[in-house]
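# Observations on chain architecture
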Amino acid sequence: MAGTEFGILYFLQSLHTPWLDVVMKEITGLGDHGIFWILTGVILLCFKKTRLMGLCVILSLAAGLLVGNVFLKNMVARERPCWIDSSVPLLIHNPKDYSFPSGHTLASFEGAVSIWLYNRKWGMAALILAGLIGFSRMYLFVHFPTDVLGGLILGVLIAFFVHFIVEKGRSFKKNTCFLRNL
């Protein structure tokens, strides 16, 4: 499998152009430390109409940090492609943490799916951005395709789980308040 994954990464290296390098560095920068998604969640929390969406974004990011970055990365301890083949020049700083799952992709899909579950139009735009962030990680030679796929799948699952829990809690609160008024 590693040979196939390196084949994909080396193919992506053949696509490099100066303008695309700049675009991919900027896109990946949006995912650094989940800051874009954290800010998006905080902004969404500020408005009553989008408060639940913002709550789901923030809770998903927190869950993903624990499950993906703290637990899985250290349990799997997969080396990054740029550590294995240091002959490929990096356009960004060499990451110090392990490779699987891609934290950028994980946070991006947690945020995007959380938005999509409440607003399909905004969510589609967020999903496109999440996909571009995941792609940028491979383009920049810091993640294997399965790292990105793992981050995508885990991000989607966490976002759906958090959404389910938040909606169950909301339903319980409504039912409980209703019962009190009987």
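All values reported here derive from a predicted model rather than from experimental measurement.

A few words now on helix α4 (residues 51-76). In a regular helix each residue adds 1.5 Å, so 26 residues correspond to 38 Å; α4 covers 35 Å between its end C-alpha atoms and thus fits that length. Among the residues of α4, those classed as buried are Met53, Gly54, Cys56, Val57, Ser60, Leu61, Gly64, Gly68, Leu72 and Lys73. Positive backbone phi, at 50 degrees, marks Ala77, one or two positions downstream of α4.

So, about unusual backbone geometry. Of note, the bond from Phe100 into Pro101 is cis; its omega dihedral lies within 30 degrees of zero at -5 degrees. Positive phi is not limited to glycine here, since Ala77 has a value of about 50 degrees. With respect to the secondary-structure elements, Ala77 resides in the loop between α4 and α5 (81-84). Ala77 sits in the partly exposed class, given a relative accessible area of 32%. The phi dihedral of Phe141 is positive, around 65 degrees, even though this residue is not glycine. Inspection of the secondary structure assignment puts Phe141 in the loop between α7 (120-139) and α8 (145-180). Given the relative accessible area of 0%, Phe141 is considered buried.

Moving on: helix α6 (residues 103-116). Across its 14 residues, α6 extends 20 Å between first and last C-alpha, which sits within 8% of the 20 Å expected from 1.5 Å per residue. With 13 of 14 residues buried, α6 lies mostly within the body of the structure.

Here, the residues flagged by UniProt with the feature "domain: Phosphatidic acid phosphatase type 2/haloperoxidase" (unreviewed entry) are residues 53-163. This span, residues 53-163, is 73% helix and 0% strand, and a straight line between its end C-alpha atoms measures 9 Å.

Turning our eyes to something else, we now look at the state of the cysteines. The final tally for this structure, using the stated rule, is 0 disulfides. Cys56 takes part in no disulfide bond, and the closest cysteine sulfur, belonging to Cys46, lies 16 Å away.

Below, the discussion takes up the nonpolar core. Membership of the largest hydrophobic core comes to 18 residues, with the highest contact counts inside it found for Met24, Trp37 and Ile115. Listing elements by their share of this core, those giving two or more residues are α2 (18-30), α3 (35-45), α4, α6 and α7. The biggest single contributor to this core is α7, with 5 residues. Sequence-distant contacts of Met24, that is, excluding residues within four places in its chain, are made with Phe135, Ser136, Tyr139 and Leu140.

How each quantity is defined
- Residues numbered from 1 in each chain as written.
- Predicted model: local features only at pLDDT ≥ 70, side-chain atom pairs only at ≥ 80, totals over all residues.
- Heavy atoms only, no water.
- Helix = DSSP H or I, 4+ residues; strand = E, 2+ residues; numbered from the N terminus.
- Expected span 1.5 Å × (residues − 1).
- Buried < 20%, exposed > 50% of the residue type's maximum accessible area, 1.4 Å probe, protein only.
- UniProt positions renumbered as here; feature names shortened; annotations may be inferred.
- Disulfide = S-S within 2.5 Å.
- Core = buried A, V, L, I, M, F, W, Y, C linked by side-chain atoms within 4.5 Å.
- Contact = heavy atoms within 4.5 Å.

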